[in-house]
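Per-entry structural report
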Amino acid sequence: MVDELGVAVVGFGWMGRVHSQAYARLPHHYPHLPLRPRLITVAEEVPGRAEEAAAQFGFASATRDWREVAADPRVRAVSITAPNFLHREIGVAMAEAGKHIWIEKPVGLTAEDARAVADAVAKAGVQGAVGFNYRNAPAVEAARELIASGEIGAVTHARIRLFSDYAAHPDGALTWRYERARGGSGVLGDLASHGADLARFLLGDIVSLTADTAIFVPERARPTGATAGHTLAAGGERGPVENEDYVSCLLRFASGARGVLEACRVSVGEQNNYGFEVHGTKGSVSWDFRRLNELAVSRGSTYQDQPVSTVYVGPGAGEFAAFQPGAANAMGYDDLKVIEAYRFVRSVAEGVPYGATLADAVRSAAALDAMTLAAERGSWVEVAPD
């Protein structure tokens, strides 16, 4: 007997669509999951968008007020995919209403916001999952196991990169993403939050760091209507970009390893160039998001001139077997969110957290706060513990 889990989605831009699609796909990839999501309601303040989402994805109802979701007894779990400045208010309210939450990173504008949501989840005794999707890639999980096994020796240093061109066009609309009050940090919250999470997931806690940030596109045109994603707004009134386009960061890990984290949202010629290279005393492992199911691995005992092999991950890695029957069969971005949805719903079913949690969000946000402070001071800064 499979029970239903009434779910809602709050905020219906691109990520709201991704969450809705992930819920719909769960029975196909995880038929034995004891809870089956049922799309109850979608909340979106842009006129007409919630109704369109309900018609397209099969939500039973639609609303412009997310507070109606908190009060709806049919809803037991909520995806929070609204803009960053709403994360804290909505996350705390949903937890206090007894709803399990799957919330997108960075969980607010600061580590304080993330902690507030984490505390509300803990106090309410509900489950909380966070959208750090790149850690869900089977190849990334395989890399983590490889590193932990000692096959590449003790980790000496690593590089994590997140380069994109989504904000490179000078006519990109001045949306909430570029405002301090509503977006908080810029590329820090958007991309470097993933980088900080990957760094911790692969290599353990970051204890200190120093950073530099820059704004390369200082002005943008204000949009004249509702926006979704990264739209253009040529000819509109121009306003200032208030948060960073670029960050570079030096990391020190509790293990003694060193790292470099670099992220940019205005990298012309780079489309989702995300990945990492981890070097150890006996070898290395590298991953490129654009080659999602591959690892470049060097291991052995020759050290100098040691070759690098391409490893195609397969059913033995992470959740690969839920999607493909053999190595080198392609998976994609949306599959990572299905894995995330599965781990969230499994957490609700079993009362035990699986996947990225609010504690992970707090640690990532603490690293981002430290990057901001380090860039302002021009010095090394300790990363606050939990």
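Note: the structure precedes this text.
Residues numbered from 1 in each chain as written. Predicted model: local features only at pLDDT ≥ 70, side-chain atom pairs only at ≥ 80, totals over all residues. Heavy atoms only, no water.

**Side note on the overall build of the chain**
Tallying secondary structure elements over the chain gives 10 helices and 17 strands in all. A globule of 386 residues ought to have a C-alpha radius of gyration of about 21 Å, and the chain, at 21 Å, matches this closely. Of all 386 residues assigned to the chain, the portion counted as buried reaches 57%. Contacts in the chain between residues far apart in sequence, at least 24 positions, make up 71% of those at least 6 positions apart. On the chain, the mean spot of the 37 positive side-chain charges and the mean spot of the 46 negative ones are 2 Å from each other. (Helix = DSSP H or I, 4+ residues; strand = E, 2+ residues; numbered from the N terminus. Rg over C-alpha atoms; globule rule 2.2 N^0.38 Å. Buried < 20%, exposed > 50% of the residue type's maximum accessible area, 1.4 Å probe, protein only. Contact = heavy atoms within 4.5 Å. Lys, Arg positive; Asp, Glu negative; His and termini not counted. Charge placed at Lys NZ, Arg CZ, Asp CG, Glu CD.)

**Observations concerning unusual backbone geometry**
Cis geometry is adopted by the peptide bond preceding Pro 106, which originates at Lys 105 and carries an omega value of 5°. One can find Pro 106 in the loop between strand 5 (100-103) and helix 5 (111-124). Look at Asn 272: it is not a glycine, yet its phi comes out positive at around 50°. Note on placement: Asn 272 falls in the loop between strand 12 (258-264) and strand 13 (273-280). The exposure class assigned to Asn 272 is partly exposed, which follows from its relative accessible area of 34%. A positive phi angle, close to 60°, is found at Asp 305, a residue other than glycine. For Asp 305, the location among the structural elements is in the loop between strand 15 (294-298) and strand 16 (309-312).

**Quick look at the pattern of salt bridges**
Following the criterion strictly, the structure yields 27 salt bridges and no others. Between Glu 104 and Lys 337 there is a salt bridge, and its shortest N-O distance comes to 2.8 Å. On the criterion of sequence distance, the pair formed by Glu 104 in the loop between strand 5 and helix 5 and Lys 337 in helix 9 (residues 333-350) is long-range, its members being 233 residues apart. Residue classification places Glu 104 among the buried positions, given a relative accessible area of 7%. In this structure Lys 337 comes out as buried when scored by relative accessible area, which is 0%. The shortest N-O distance in the salt bridge between Arg 238 and Glu 219 comes to 3.9 Å. Highlighted residues: Arg 238 in strand 10 (residues 238-240) and Glu 219 in strand 9 (residues 219-221), separated in sequence by 19 residues. (Salt bridge = Lys/Arg side-chain N within 4 Å of Asp/Glu carboxyl O.)

**Remarks on the sheet that holds strand 7 (residues 155-163)**
Spatially, nine strands are ordered 16-15-14-13-7-12-11-8-17 in an open sheet, and the strand pairing comes out mixed. A strand with exactly one partner marks an edge of an open sheet, and here the two such strands are strand 16 and strand 17 (381-382). With seven bridges connecting them, strand 11 (residues 246-253) and strand 12 associate as antiparallel partners. Its bridge partner being in strand 12, Leu 250 is matched across the sheet by Val 260. (Pairing = 2+ DSSP bridges.)

**Comments concerning the nonpolar core**
Within the largest apolar cluster, 97 residues are counted, with the highest numbers of intra-cluster contacts made by Leu 209, Val 278, Val 285, Trp 287, Leu 295 and Met 371. Top contributing element to this core by residue count: helix 8 (residues 187-203), with 10 residues. Not counting chain neighbours up to four residues away, the residues in contact with Val 278 comprise Ile 147, Ile 152, Val 155, His 157, Ala 158, Leu 203, Gly 283, Ser 284 and Val 285. Ranked by size, the runner-up nonpolar core spans 34 residues in total, among them Met 94, Ala 114, Phe 132 and Ala 365. (Core = buried A, V, L, I, M, F, W, Y, C linked by side-chain atoms within 4.5 Å.)

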